[in-house]
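# Structure assessment
In case you want the letters, here they are:
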Amino acid sequence: SRLKPMKRLPLLLLTMVALCATAQPRFGYFNFREVVIALPEYATMQAQIQELRAKCEAEISNSEKDFIQRYSEFIDGQAGFPDIIRDKRQKELQELMERSISFKKEADSTIVEARREMIKPLRQKVTDAARTVCLKEDLDYVVNTDRDNFICVNDSIGVDITLKVKQVLGLISTPVVPEAQGLK
């Protein structure tokens, strides 16, 4: 059954209202990594990681020196060792080398895990600041543009909120002019 022209008008109006109500979403974007690196706590974290790395490298170096010394002693004296002592020392050298390799792997994973744990509060801090800007500027969502996640962002719909996020974090003290950032 076909609708009469007068009955189509309310349906047409309702459709038009629905289309107008679905405005294009407004979003913010910023480079997450850039903001995290700008935090003073990031430099502190990097220094702590470097200190841990230096201590691990010093221990690895000491182990290598110990191995080289023992190996040299073994080579120098091996001709005069009875079989039982030679076999024992070879086994000790093998164990020392295996422990050294194991420690290197453990040190690497410890450094990675320490960095992962130290960066968590910094990531949360930046996420919270981005959320604050998102709500304050009435954005529908915020995207992270670092690491080439987005090849192109349309500035006519999205707004760069990097400076606003840095301002919320106290990294910049001057007020950001909204027009310069495309914000209201």
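Remember, it's a predicted structure, so these values are computed and weren't measured experimentally.

Quick notes on the rules
Residues numbered from 1 in each chain as written. Predicted model: local features only at pLDDT ≥ 70, side-chain atom pairs only at ≥ 80, totals over all residues. Heavy atoms only, no water. Salt bridge = Lys/Arg side-chain N within 4 Å of Asp/Glu carboxyl O. Helix = DSSP H or I, 4+ residues; strand = E, 2+ residues; numbered from the N terminus. Buried < 20%, exposed > 50% of the residue type's maximum accessible area, 1.4 Å probe, protein only. Patch = residues over 30% accessible without salt bridge, like charges linked within 9 Å, V, L, I, M, F, W, Y side chains within 5 Å. Areas by Shrake-Rupley, 256 points an atom, 1.4 Å probe, with all protein chains shown as cover. Lys, Arg positive; Asp, Glu negative; His and termini not counted. Charge placed at Lys NZ, Arg CZ, Asp CG, Glu CD.

## Here's the deal with the pattern of salt bridges
- Summed over all chains, the structure comprises 12 salt bridges.
- The residue glutamate 92 makes a salt bridge to lysine 88 at a minimum N-O spacing of 2.6 Å. Of this pair, glutamate 92 and lysine 88 both sit in helix α4 (residues 83-136), 4 residues apart, which is roughly one turn of the helix.
- Since its relative accessible area comes to 48%, lysine 88 is described here as partly exposed.
- Taking the shortest distance from any N to any O, the salt bridge between aspartate 128 and arginine 131 comes out at 3.3 Å. With aspartate 128 and arginine 131 both in helix α4, this residue pair falls 3 residues apart, about one helical turn.
- Residue classification places aspartate 128 among the partly exposed positions, given a relative accessible area of 34%.

## Some words on a positive patch on the surface
- Taken together, the side chains of Arg33, Arg115, Arg123 and Arg147 make up a positively charged region of the molecular surface.
- Inspection of the secondary structure assignment puts arginine 115 in helix α4.
- When its relative accessible area of 33% is taken as the criterion, arginine 115 is described as partly exposed.

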